[in-house]
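Here's the letter readout for the chains.
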Amino acid sequence: MKPGYHEIYSRYRDNIARGVLKPGDRVPAIRVLAAQLKVARKTVETAYAILIGEGYLVSAGARGTRVNPDLLLSSPKPEQQATGTLPESLIGQRERAGFLRPGVPSLDAFPYKKWLLLAGQATRAMRQEEMLSPPVMGWYPLRQAIARYLNISRGLSCTAEQVLITSGYSGSLRLILDTLASRSDKVVFEDPGYFMGQQLLKRIVPRLHTVPVDRSGLNTDYLLRHHRDARFAIVTPSHQSPLAVTLSLPRKQQLLDWAGQNGAWIIEDDYDGEFHYTRKVLPSLKSLDQHDRVIFMGTFSKTIMPSLRIGYVVMPASTVDAFTDCADIVASGQPILTQKILTAFLNEGHFFRHLKKMRALYQTRRDWMIAALREVYGDRFFTEQNDGGMHIVAFLTKGSADRDIARCWQQHQLQVNALSEWYCGSGKRYGLVMGYNNVRTYQEAVELLERPKQQTLEIMD
Ligand SMILES: Cc1ncc(COP(=O)(O)O)c(C=O)c1O
């Protein structure tokens, strides 16, 4: 049988991992290998594109394609060959995609072939006028496609004119605050809250306050007691970042009432709301918003890949003009080619199919990770029941040394975060925030967790 692109990709990866192909070695040209294997050029091209994307190969233009000379390969250990796992030295390369790094989608399951096809079509169809500056608010067909998707899947009721295309979280948040906030406005953020968000807000918001999060999400009673006068509340209602809890319905209502009565804005960061496993996808907070006080923002970082750098804001109808004026000055649009590829991906149904597949896959990988944690660490960590998202929190049963443990795991290339570092105020909890989407087997999850076991137990005891 002729090999498919995935088999060619795997052959290269394994040969590089086993040291058969060495850094700097030249690999055959696409047409030569395609002829040799009797496969279409596209098949080899796809395999090479993935290998280049993952850093195994580099392309040197006319001088051909080589094994990345910067790969640091040590002699492989025999048992690693036997189990087929990667040698330590390659992990740095894979690591960029992230072992256990929270929030990275399953990169091995992305439909690269389809994407490459759409990319080719989009590139060939580029018209000269599209080579000028991209539209500041986003390419209109993409705004239409996103509006359709959100109305069907996230329960919104928005028009394409309300959708603004950004570069992701910080682009969206900056534009929202640039457009609607004044420097004297009080902004509240969740505690614990998304670490990168906290860092960004500390730099740009003079009056930043935090509101504690418990098992029902943001503590809205606390908000009303201490920060009723806030103008903005930035929240992750579907799947709190990082505690992974869902904002309860009574609290959602309380939050919406507060915003309606006080003329405040709620910024709903729906970063991974697509992923719920034990019940149907939860409706967004925006879908309950009677007074049009919720500004909804989302991203394709979790559903497609973080390097895409495409996110969006759904602007309340009353603010579209203000956003347009502001974006005209402070924004410069996103790459048109990427927007066109993404539009085709959405409009041709691939996005829905991909999400459906990912929901099933993530649930399996999440179960593996939770079971592997128990197998390797017994009851030293525990997880809480919640049904969605792309990361888990492994709480420490005893002690508060999550920073030391996270540092130790990072030395083993396990890019987990210490939960306590995501807190600003008191009431800290301790644990590890970890992703699981790129763990390809249960055995791999166990092997990864075994790596820092000895030191972790020493820190814990
Ligand atoms: C809470 C939260 N919001 C938003 C994002 C998305 O960020 P971006 O769109 O910039 O990739 C992330 C990514 O990790 C996140 O954890």
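Residues numbered from 1 in each chain as written. Predicted model: local features only at pLDDT ≥ 70, side-chain atom pairs only at ≥ 80, totals over all residues. Heavy atoms only, no water.

1. Thoughts on the pattern of salt bridges
Stage number 1. Enumeration according to the criterion identifies 18 salt bridges in this entry.
Stage number 2. We note a salt bridge from Arg127 to Glu129, for which the minimum N-O separation is 2.9 Å.
Stage number 3. Ionic contacts of the salt-bridge type, sharing partners, join the residues Arg127, Glu129, Glu130 and Lys340 into one network. (Salt bridge = Lys/Arg side-chain N within 4 Å of Asp/Glu carboxyl O.)

2. Concerning the site of the ligand
Stage number 1. As a structural note, the neighbourhood of the ligand is formed by Gly168, Tyr169, Tyr194, Ser241, Asp269, Tyr271, Thr299, Ser301, Lys302 and Arg309.
Stage number 2. One nitrogen or oxygen atom from the side chain of Tyr194 is found 3.5 Å from an oxygen atom belonging to the ligand.
Stage number 3. Asp269 is positioned such that a nitrogen or oxygen atom in its side chain is 2.6 Å from a nitrogen atom of the ligand.
Stage number 4. Relative to its free-state accessible area of 400 Å², the ligand is covered by the protein chains to the extent of 87%. (Near = heavy atom within 4 Å. Polar contact = N/O pair within 3.5 Å; in protein donor to acceptor, adjacent residues only side chain to side chain. Areas by Shrake-Rupley, 256 points an atom, 1.4 Å probe, with all protein chains shown as cover.)

3. Focus on the domain arrangement of the chain
Stage number 1. When the domains of the chain are assigned, the result is domain 1 (5-74), domain 2 (117-348) and domain 3 (352-460).
Stage number 2. Just the C-alpha atoms count here: the centres of domain 1 and domain 2 sit 39 Å apart. (Domains from an automatic or database assignment.)

4. Concerning the sheet that holds strand S2 (residues 57-59)
Stage number 1. If you trace the 3 strands from one edge of the open sheet to the other, you get S1-S3-S2, paired in antiparallel fashion. The sheet terminates laterally at strand S1 (26-27) and S2, the two strands that pair on one side only.
Stage number 2. Bridge analysis of S1 against strand S3 (residues 65-67) gives 2 bridges, and the strand direction is antiparallel. Directly across from Arg26, in S3, lies its bridge partner Arg66. (Pairing = 2+ DSSP bridges. Helix = DSSP H or I, 4+ residues; strand = E, 2+ residues; numbered from the N terminus.)

5. Concerning the packing of helix H6 (residues 112-124) against helix H13 (residues 336-347)
Stage number 1. It is the contact of H6 with H13, at a shortest axis distance of 9 Å, that shows an interaxial angle of 125°. When the axis of H6 is compared with that of H13, the two are oblique. Like other packed secondary-structure pairs, H6 and H13 cross with a definite hand, here right-handed. In contact with Trp115, Leu118, Ala119, Ala122 and Thr123 of H6, H13 contributes Leu337, Lys340, Ile341, Leu342, Ala344 and Phe345. (Axes fitted to C-alpha atoms, helices over the stretch in contact; angles between N-to-C directions. Parallel < 35°, antiparallel > 145°, perpendicular 65-115°, else oblique. Left-handed = near helix turned anticlockwise from the far one by under 90°. Contact = heavy atoms within 4.5 Å.)

6. Details of the side chain of His227
Stage number 1. Note on placement: His227 falls in the loop between helix H10 (220-226) and strand S8 (232-235).
Stage number 2. Assessed through its relative accessible area of 7%, His227 is described here as buried.
Stage number 3. Only 2.9 Å separates the side chain of His227 from the side chain of Lys186, close enough to count as a polar contact. (Buried < 20%, exposed > 50% of the residue type's maximum accessible area, 1.4 Å probe, protein only.)

7. Re the packing of aromatic side chains
Stage number 1. Taken as a whole and assessed by the stated rule, the structure comprises 18 aromatic pairs.
Stage number 2. Each ring, one from Tyr377 and one from Trp409, has its centre 5.8 Å from the other, and the planes form 25°; the classification is stacked. Of this pair, Tyr377 sits in helix H14 (residues 350-377) while Trp409 is found in helix H15 (residues 402-411), placing the two residues 32 residues apart along the sequence. Note on accessibility: Tyr377 and Trp409 belong to one class, buried. (Phe/Tyr/Trp six-rings, centres within 6.5 Å; stacked < 30°, edge-to-face > 60°.)

8. Observations concerning H6
Stage number 1. Compared with an ideal rise of 1.5 Å per residue, which puts 13 residues at 18 Å, H6 spans 18 Å between its outermost C-alpha atoms and is within 8% of the ideal.
Stage number 2. Close packing links the buried residues of H6 with H13 and H14. (Expected span 1.5 Å × (residues − 1).)

9. Description of the sheet that holds strand S15 (residues 431-435)
Stage number 1. Strand order in this open sheet of 4 strands is S12-S13-S15-S14, and the pairing throughout is antiparallel. Only two strands of the sheet have a single partner each, and these edge strands are strand S12 (381-382) and strand S14 (417-418).
Stage number 2. Across 5 bridges, strand S13 (residues 391-396) lies against S15 in antiparallel orientation. In the sheet register, Ile392 faces S15, and the bridge partner there is Met434.
Stage number 3. Sitting on the sheet, H14 is in contact with S12, S13 and S15, with an inclination near 20° to S13.

10. Side note on the packing of H14 against helix H16 (residues 442-450)
Stage number 1. H16 packs onto H14 with a crossing angle of 45° between their chain directions and a minimal axis gap of 9 Å. When the interaxial angle is binned, H14 and H16 end up oblique. Crossing hand, H14 versus H16: right-handed. Between H14, through Trp368, Met369, Ala371, Ala372, Leu373, Glu375, Val376 and Tyr377, and H16, the contact on the second element is made entirely by Tyr442, Ala445, Val446, Leu449 and Glu450.
Stage number 2. Per-class residue counts for the contact of H14 with H16 are 11 nonpolar, no polar and 2 charged. (Nonpolar A, V, L, I, M, F, W, Y, C, P; charged D, E, K, R; others polar.)

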